[in-house]
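An overview of the molecular structure
Spelled out from the first residue to the last, the chains are:
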Amino acid sequence: MKLEILKELNAERAARRPVIIVTDTANGEQRLVKAKDIAADPLRAELSKQLRMGKSGNVEVAGNKLFLNVYAPTAKLVIIGAVHISQALAPLARSLDYDVTVVDPRTAFASPERFPDVPLVAEWPDVALPPLNVDHYTAFVAVTHDPKIDDPALLHAFDRDCFYIGALGSRKTHAKRAERLRAQGAKDSDIARIHAPIGLDIGAVSPSEIAVAIMAEITAQLRLPPKEKEEAA
Amino acid sequence: MLNRDEDILQAAETWQKQGHGVALATVVETWGSAPRPAGSSLVINDDGTFLGSVSGGCVEGAVVTEALDVIASGQPKMLEFGVADETAWNVGLSCGGTIRVFVEKVG
């Protein structure tokens, strides 16, 4: 591997931007493809598939065997609301390899007794969120049911282009939320990105089942190609 | 995910800057129950110091030896490891899988 490629790889990873290294294993020839350049790449179909799966693998192109090594950032999950659902959601998400943070300004909710081993930030979203470096590789769920906490958090998630944004509440609650967010400057395209009611419709009742529905929806958003994603929703 | 390899690729860059010869070994293919998935890597410097893992310990010693050759020659190599053959005293994978490891020089 050329030193320039290694340096660029390390810089992209430090910035949490996905990269794929393409190696011709017969002669060692190599190139680095940034996620933003995949659409224009001759291997775009193979590259986007491997990146979506977060999996390295081999492809054969014109008789050459190429190894595609995928360097995808660890996905983060930011949970707004240290509520009962979050107590089930946080450990489930961790078992799925997400870096989980729970944010709730209400210290009675955001207590280490209720959330052992989970990073907790007992601050309002305007203070709590900027240091978390919320980015595209972040799933963002707002489950407090309190507009004073959820609304500013959702505006932050729009701004950071999170790959998944979900919010708890019935269709009626969500319609009211949409009105409030619009009044605060959110675009219709932002509001359309919110998954609400949150989670895949699997008839979930208990907090743990709702957590499964949420993680299933986040997984679909992360792994499925765009067309199949529409069908699942 | 693969982020756990972050520090070892950073180490490869640092070693190179310090003037070491450095090689990168990467699992490119696995069959059966392989201990580490494709994309797992090991970095080796010319002292024989290594970081990371391609097999969870079964074949690292052999990979390091080959990596020192690669550092000296500059020519990449493809290594293949299968089931450990105890009677022949070969290194191998006791888990029953087979892996192919691509070893290349850095720089």
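Throughout, a residue's number is its position along its own chain's written sequence, starting from 1. Each chain gets a letter, beginning with A, and each ligand a number, beginning with 1, in the order they are written. Where totals are concerned, whole chains, interfaces and linings use all residues; where local detail is concerned, this predicted model gives features only for residues with pLDDT of at least 70, and gives and counts side-chain atom pairs only at 80 or more.

**A closer look at the interface of chain B and chain A**
To be explicit about the condition: Once C-beta atoms have been placed from the backbone, residue pairs whose C-beta atoms lie within 7 Å are recorded as contacts. By the criteria applied, helices consist of DSSP H or I runs no shorter than four residues and strands consist of E runs no shorter than two, each listed in order from the N terminus. Under this grouping Gly is polar, as are all residues other than the nonpolar Ala, Val, Leu, Ile, Met, Phe, Trp, Tyr, Cys and Pro and the charged Asp, Glu, Lys and Arg.
In this complex, chain B contributes 21 residues to the contact, which on the side of chain A involves 22 residues. Elements with a minimum of two residues in the side of chain B that touches chain A: helix 1 (6–17), strand 1 (22–31) and strand 5 (98–106) of chain B. No other element matches helix 1 of chain B, which puts six residues into the side of chain B that touches chain A. For the side of chain B that touches chain A, the per-class residue count stands at 11 nonpolar, six polar and four charged.

**Focus: the pairing of strand 8 (residues 138–142) of chain A**
Strand residues, when the strand is regular, have side chains that alternate between the two faces of the sheet. All names here are of chain A. So the rule is basically this: Three exposure classes are used. Buried residues have 20 or more other C-beta atoms within 10 Å of their own C-beta, exposed residues have 12 or fewer, and partly exposed residues fall in between, all C-beta atoms being placed from the backbone. Criterion used throughout: strands pair if DSSP finds at least two bridges between them.
Most of strand 8 is tucked away: five of the five residues are buried. Residues of strand 8 alternate between two faces, with Thr138, Phe140 and Ala142 on one and Ala139 and Val141 on the opposite face, all of them buried. Bridge count for strand 5 (residues 76–80) against strand 8 is five bridges, and the pairing is parallel. Bridged to Ile80 within strand 8 is Ala142. Judged from the four bridges that link them, strand 8 and strand 9 (residues 164–167) form a sheet pairing that is parallel. Paired with Phe140 across the bridge in strand 9 is Ile165.

**Here's the deal with the UniProt feature "domain: XdhC- CoxI" (unreviewed entry) in chain B**
Note the cut-off: UniProt positions are given in the numbering used here, feature names are shortened, and annotations may be inferred rather than shown by experiment.
Listed under "domain: XdhC- CoxI" (unreviewed entry) in the UniProt record, and renumbered for this structure, are residues 15–82 of chain B. Helix makes up 25% of residues 15–82 of chain B and strand makes up 34%, while its end C-alpha atoms are separated by 31 Å.

**Quick word on the pairing of strand 1 (residues 19–24) of chain A**
Residue and element names in this part refer to chain A. Two strands pair when backbone bridges link them, and strand 1 and strand 2 (residues 30–34) are joined in this way by five bridges, in the antiparallel orientation. Each residue of the ladder has a partner; that of Val22, found in strand 2, is Arg31. The hairpin turn running from strand 1 into strand 2, its antiparallel successor, is five residues long, and Gly28 in that turn takes a positive phi close to 80°. Bridging between strand 1 and strand 4 (residues 64–71) involves six bridges; their strand directions are antiparallel. Following the sheet pairing, Ile21 is matched in strand 4 by Asn69.

**Quick notes on unusual backbone geometry**
Residues and elements named next belong to chain A. Going from Ala196 to Pro197, the amide bond is cis rather than trans, its omega being -5°. One can find Pro197 in the loop between strand 10 (194–195) and helix 8 (207–223). Despite not being glycine, Asn133 shows a phi value in the positive range, around 50°. Turning to its location among the elements, Asn133 is positioned in the loop between helix 4 (125–128) and strand 8. With 10 C-beta atoms packed within 10 Å, Asn133 lands in the exposed category.

**Considerations on the confidence of the model for chain B**
Residues and elements named next belong to chain B. The condition that has to hold: What pLDDT reports is the predictor's confidence in each residue, on a scale of 0 through 100.
Looking at chain B as a whole, its pLDDT mean stands at 85, while 81% of the residues score no less than 70. Ranking the helices and strands of chain B by mean pLDDT puts strand 2 (residues 41–45) first, with 95, and helix 1 last, with 90. Predicted as a complex, the structure gets a pTM of 0.83 and an ipTM equal to 0.83.

**Side note on the sheet that holds strand 7 (residues 120–121) of chain A**
All names here are of chain A. Stated formally: Axis lines are fitted to C-alpha atoms, over the contacting stretch for helices. Their N-to-C directions set the angle, which ranges from 0 to 180 degrees.
With respect to topology, six strands assemble into an open sheet ordered 7-6-5-8-9-10, the strand pairing being parallel. What marks the edges here is a single partner per strand, and that holds for strand 7 and strand 10. Sheet topology places strand 9 next to strand 10; two bridges connect them, and they run parallel. Each bridged residue has a counterpart across the sheet, and for Ile165 the counterpart in strand 10 is Ile194. Across the face of the sheet, helix 8 comes into contact with strand 8, strand 9 and strand 10 while running at roughly 155° to strand 9.

**With respect to the packing of helix 3 (residues 84–95) of chain A against helix 8 of chain A**
When two helices pack together, their arrangement is given by the angle between their axes and by how far apart the axes lie. Residues and elements named next belong to chain A. Condition: By the definition adopted for this analysis, an angle is roughly parallel if under 35 degrees, roughly antiparallel if over 145, roughly perpendicular if from 65 to 115, and oblique otherwise. Left-handed describes a crossing whose near helix is turned anticlockwise from the far helix by less than a right angle; the clockwise case is right-handed.
Running from amino to carboxyl end, helix 3 crosses helix 8 at an angle of 50°, the nearest separation of the two axes being 8 Å. With respect to their mutual orientation, helix 3 and helix 8 come out oblique. Two packed elements cross with a definite hand, and for helix 3 against helix 8 that hand is right-handed. Contacts between helix 3 and helix 8 involve His84, Ile85, Gln87, Ala88, Leu89, Leu92 and Ala93 on the former and, on the latter, Pro207, Ser208, Ile210, Ala211, Val212, Ile214 and Met215. Classifying every residue of the contact of helix 3 with helix 8 by side-chain character gives 11 nonpolar, three polar and no charged.

**A closer look at the nonpolar core**
All names here are of chain A. Selection rule: The nonpolar core criterion groups buried Ala, Val, Leu, Ile, Met, Phe, Trp, Tyr and Cys residues into a set whenever they are joined through C-beta atoms within 7 Å.
If you look at the biggest cluster of nonpolar residues, it comprises 48 residues, and the most contacted ones within it are Ile79, Ile80, Val102, Phe140, Val141 and Ile214. Listed by contribution, the elements that provide at least two residues to this core are strand 5, helix 3, strand 6 (99–103), strand 8, helix 5 (147–159), strand 9 and helix 8. Here this core takes six residues from helix 8, the largest share from any one element. The residues contacting Ile79, other than those within four sequence positions of it, are Ser86, Leu89, Ala90, Val100, Val102, Val103, Val141 and Val143.

**Some words on the sheet that holds strand 2 of chain B**
Sheet strands line up and pair through hydrogen bonds in the backbone, either parallel or antiparallel. Residues and elements named next belong to chain B. Strand order in this open sheet of five strands is 3-2-1-5-4, and the pairing throughout is antiparallel. The open sheet terminates on both sides in strands that have one partner only, identified here as strand 3 (50–52) and strand 4 (77–81). For this sheet, the mean inter-axis angle between neighbouring strands, taken without regard to orientation, is 20°. Along the sheet, helix 2 (residues 60–73) makes contact with strand 1, strand 2, strand 3, strand 4 and strand 5, crossing strand 5 at roughly 35°.

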